[in-house]
Amino acid sequence: MRSAAHNRITKEEIESKVRIYASNPGFDGARDTLEANHVVIISGPPGVGKTTLAEMLCYAYLAEGWELIAIRSLEDGLAAIEDKGKQIFLFDDFLGKVALDRHALAHKDSELARFIKRVRKSPNARFVLTTRAYILAEARQVSEYLADRRLDVSRYVLDVGAYTRRIKARIIYNHLLAAETPAGHIAALVAGDIAKIVDHKNYNPRIVEWMTGISRIEEIAAEDYPASFLHALDHPGQLWDIAFRSHISKTRQHLLIALFFGSHTASASMSCGSPTTECIRYSAPSTARATDRRILKNPCGC
């Protein structure tokens, strides 16, 4: 019952995203990989549209009469798979949402290989997975099965994130349309800095979604909308701040700060000898603030 409810919600979520999806070459690449191997792992940086691409891929199969089975664990997939009907399985963020869950990986490592082999043997099964690229890279370093050449996970992986100007513009247009953005806000974008938004170095579909959300638009006057949009792209930290402060450990926060401020002045690393923390010490640049210099010199507080 719980699995059926999850599938229904997932299907409704996918259908709601059809209006904002901008077709791109990644879709054809994902489908080709899926048809050739019965498995595709969609990988890329945060916010580039991995989940949306995976869901649109599943939507295409739904239109051809396949049954969508959105799973939260490999046990769900192993229990549901059968060879009679056509089934497409979707496992979003299968290695963890923000960071690799090593404890969970240790338990499901062999099951992943088992389920992939099961899917590949069936003519009526397809398996779509998504993960952040850095999580997949870490998992392949510590997983016996993901690193196994016989399984050859690399042939299933599709990296996404590169968009043409046309696709970027279409993503913005679709979000504005789906959000029923007031005409005044749209006119301000068209008359103002729409090209700067499309060509911005920090362009990201997640930021576009955030800035076209009705709750954000209601807070911004039409004449200020282009500048606010550019400000969000200039300062993406507004969007990622919660993830940085709440979803990763203090050690990883300090390491990111060290990498940012010490990219040109990092000295040779050395372990602090802490049994619970992997600490790397850096020489803090003179431009860093006093609090940041303290963190850089001693990230884990040892």
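Residues numbered from 1 in each chain as written. Predicted model: local features only at pLDDT ≥ 70, side-chain atom pairs only at ≥ 80, totals over all residues. Heavy atoms only, no water.

Draft legend 1. Inspection of helix α14 (residues 250-261) at higher detail. With twelve residues, α14 extends 16 Å between its outermost C-alpha atoms, agreeing within 8% with the 16 Å of an ideal straight helix rising 1.5 Å per residue. Listed as buried for α14 are Gln 253, His 254, Ile 257 and Ala 258. Taken down its axis, α14 places every buried residue within 135° of arc, on the same side. (Helix = DSSP H or I, 4+ residues; strand = E, 2+ residues; numbered from the N terminus. Expected span 1.5 Å × (residues − 1). Buried < 20%, exposed > 50% of the residue type's maximum accessible area, 1.4 Å probe, protein only. Arc of directions from axis to C-beta.)

Draft legend 2. Main features of the sheet that holds strand β5 (residues 157-159). Spatially, β2-β3-β4-β1-β5 is the arrangement adopted by the five strands of the open sheet, whose pairing is parallel. Two strands close off the open sheet at either side, each with one partner strand: β2 (67-70) and β5. The sheet shows a mean angle of 20° between the axes of neighbouring strands, taken without regard to direction. As paired elements, β2 and strand β3 (residues 87-91) share four bridges and run parallel to each other. The residue bridging Ile 69 from the neighbouring strand is Phe 89, located in β3. Against the sheet, helix α2 (residues 25-37) makes contact with β1 (39-44), β3, β4 (125-132) and β5, and its axis sits at roughly 145° relative to β1, the strand it touches most. Contacting β1, β2, β3, β4 and β5, helix α3 (residues 50-63) crosses the sheet at an angle of about 170° to β4. (Pairing = 2+ DSSP bridges. Axes fitted to C-alpha atoms, helices over the stretch in contact; angles between N-to-C directions. Contact = heavy atoms within 4.5 Å.)

Draft legend 3. Layout of the packing of α2 against α3. The N-to-C vectors of α2 and α3 enclose an angle of 60°; their axes lie 10 Å apart at closest approach. Comparing the axis directions of α2 and α3 gives the class oblique. In this structure, α2 meets α3 at a crossing whose hand is right-handed. In this structure, α2 contributes Gly 26, Phe 27, Ala 30, Arg 31, Leu 34 and Glu 35 to the contact, and α3 contributes Leu 53, Met 56, Leu 57, Ala 60 and Tyr 61. (Parallel < 35°, antiparallel > 145°, perpendicular 65-115°, else oblique. Left-handed = near helix turned anticlockwise from the far one by under 90°.)

Draft legend 4. The arrangement of the pairing of β3 in detail. In terms of burial, β3 is a largely internal element, five of the five residues being buried. Between the parallel elements β2 and β3, the chain passes through helix α4 (residues 74-80) in a crossover that is right-handed. Strand direction decides the pairing type here: β3 and β4, joined by five bridges, are parallel. Each bridged residue has a counterpart across the sheet, and for Leu 90 the counterpart in β4 is Val 128. Read from β3 through helix α5 (residues 102-121) to β4, the crossover connection turns out right-handed. (Right-handed = clockwise from strand over helix to strand, strands pointing away.)

Draft legend 5. Representation of a nonpolar patch on the surface. A cluster of nonpolar side chains, namely Leu 255, Leu 256 and Leu 259, defines an oily patch on the protein surface of about 250 Å² accessible area. Residue placement: Leu 259 occurs in helix α14. (Patch = residues over 30% accessible without salt bridge, like charges linked within 9 Å, V, L, I, M, F, W, Y side chains within 5 Å. Areas by Shrake-Rupley, 256 points an atom, 1.4 Å probe, with all protein chains shown as cover. Salt bridge = Lys/Arg side-chain N within 4 Å of Asp/Glu carboxyl O.)

Draft legend 6. Representation of the packing of aromatic side chains. One pass over the full model with this rule turns up five aromatic pairs. Between Phe 115 and Phe 127, the ring centres sit 4.8 Å apart and the planes meet at 80°, which makes this aromatic pair edge-to-face. Here Phe 127 lies in strand β4 and Phe 115 lies in helix α5, a separation of twelve residues in the sequence. Taken together, the aromatic side chains of Phe 89, Phe 115 and Phe 127 make up a single cluster linked through ring pairs. In this arrangement the basic side chain of Arg 31 is found over the ring face of Tyr 61, its NZ or CZ atom lying 4.5 Å from the centre. The ring of Trp 210 is capped by Arg 216, whose NZ or CZ atom sits 4.3 Å from the centre of that ring. (Phe/Tyr/Trp six-rings, centres within 6.5 Å; stacked < 30°, edge-to-face > 60°. Lys NZ or Arg CZ within 6 Å of the ring centre and 35° of its normal.)

Draft legend 7. Region of the structure containing the confidence of the model for the protein. The pLDDT averaged across the protein works out to 81; a share of 82% of its residues lies at or above 70. Taken element by element, the predicted model of the protein shows its lowest mean pLDDT in helix α15 (residues 290-297) (42) and its highest in β3 (96). Long-range and interchain partners of residues 265-302, a stretch whose pLDDT sits below 50, account for 56 contacts in this model, where long-range means more than four residues apart. (pLDDT = per-residue confidence, 0-100.)

Draft legend 8. Here's a closer look at the nonpolar core. Counting residues in each nonpolar core, the largest one holds 43 residues, and the members touching the most others are Leu 57, Ile 88, Val 128, Tyr 225 and Phe 229. Looking at this core, the elements that each hand over two or more residues are α2, β1, α3, β3, α7 (165-178), α9 (194-198), α10 (205-211) and α12 (225-234). Sorting elements by how many residues they give to this core places α3 first, with eight residues. Sequence-distant contacts of Ile 88, defined by excluding residues within four places in its chain, comprise Leu 34, Cys 58, Tyr 61, Trp 66, Glu 67, Leu 68, Ile 69, Arg 126 and Val 128. With 27 residues, the next largest nonpolar core counts Ile 69, Leu 100, Phe 115 and Ile 116 among its residues. (Core = buried A, V, L, I, M, F, W, Y, C linked by side-chain atoms within 4.5 Å.)

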